[in-house]
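A look at the structure
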Amino acid sequence: MSLSQAEYANSIEQLAGASAGRSARDGHTVSLPVGADGTATLNFTAEPGVTLGGLLSLPRARIEIVIAGAQPDEADAFLRRFEIAFQRGGG
């Protein structure tokens, strides 16, 4: 993904609330409930940024999501909420 750790933390906060956002801001792995018995574990790893055309510099990160113990429909619903929380403007 093209985002900084601060942007990641802000999006996690939108997804799950202030305490999860603080954990993400501090660089910790974040665990979130999924459905009745499931958990989503999210891990942020910064990667080298990229420069496009010598003018535009973009941060990059690998976001790993591991969902355990959730029913398929619950996991799908969580991923939809994740995508909405991390959606950026564009055309």
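Structure's up top.
Here goes a summary of the coordinates provided.

Calculation notes
- All residue numbers refer to positions counted from 1 along the written sequence of the respective chain.
- Given that the model is predicted, a residue must reach a pLDDT of at least 70 before its local features are reported, and side-chain atom pairs must reach 80 or more before they are shown or counted; all residues, however, enter totals for whole chains, interfaces and linings.
- Calculation of side-chain values draws on the structure's entire complement of heavy atoms; hydrogens and water are dropped beforehand.
- Numbering of helices and strands runs from the N terminus; a helix is a DSSP stretch of H or I covering at least four residues, while a strand is a stretch of E covering at least two.
- When checking whether two residues touch, look at their non-hydrogen atoms; a contact exists if any pair is within 4.5 Å.
- Exposure above 30% relative accessible area and the absence of a salt bridge qualify a residue for a patch, where like charges join within 9 Å and nonpolar side chains (Val, Leu, Ile, Met, Phe, Trp, Tyr) within 5 Å.
- For the accessible areas, the method is Shrake-Rupley and the probe is 1.4 Å, while residue cover comes only from the protein chains on display.
- Within this document, salt bridges are pairs made up of a side-chain nitrogen of Lys or Arg and a carboxyl oxygen of Asp or Glu, the two lying within 4 Å of each other.
- Buried residues are those whose accessible area, probed at 1.4 Å on protein chains only, stays under 20% of the maximum for their type, while exposed residues exceed 50% and partly exposed ones sit between those limits.
- Aromatic pairs are defined between Phe, Tyr and Trp rings, using the six-membered ring for Trp, whenever the two ring centres lie within 6.5 Å; interplanar angles under 30 degrees are classed as stacked, those over 60 as edge-to-face, and all others as tilted.

Of note, S11 is situated in helix α1 (residues 5-16). Apart from the residues lying within four places of it in its own chain, the contact partners of S11 are A85, F86 and R88.

Right, let's get into a nonpolar patch on the surface. Residues V50, L52, L55 and L56 make up a contiguous nonpolar surface patch of roughly 390 Å² in combined accessible area. Mapped onto the fold, L52 is located in strand β2 (residues 38-52). Judged by its relative accessible area of 43%, L52 is partly exposed.

Inspection of the entire model under this criterion finds three aromatic pairs. Each ring, one from Y8 and one from F44, has its centre 5.0 Å from the other, and the planes form 35°; the classification is tilted. Within this pair, whereas Y8 is found in helix α1, its partner F44 is found in strand β2, the two being separated by 36 residues in sequence. Using a relative accessible area of 1% as the deciding quantity, one classes Y8 as buried. You can call F44 buried: its relative accessible area is 13%. An angle of 45° between the planes, with centres 6.0 Å apart, marks the rings of Y8 and F86 as tilted. With a gap of 78 residues between them, Y8 in helix α1 and F86 in the segment after α3 (72-85) connect regions that are remote in the sequence. An aromatic cluster is present here, built from Y8, F44, F82 and F86 joined pairwise through their rings.

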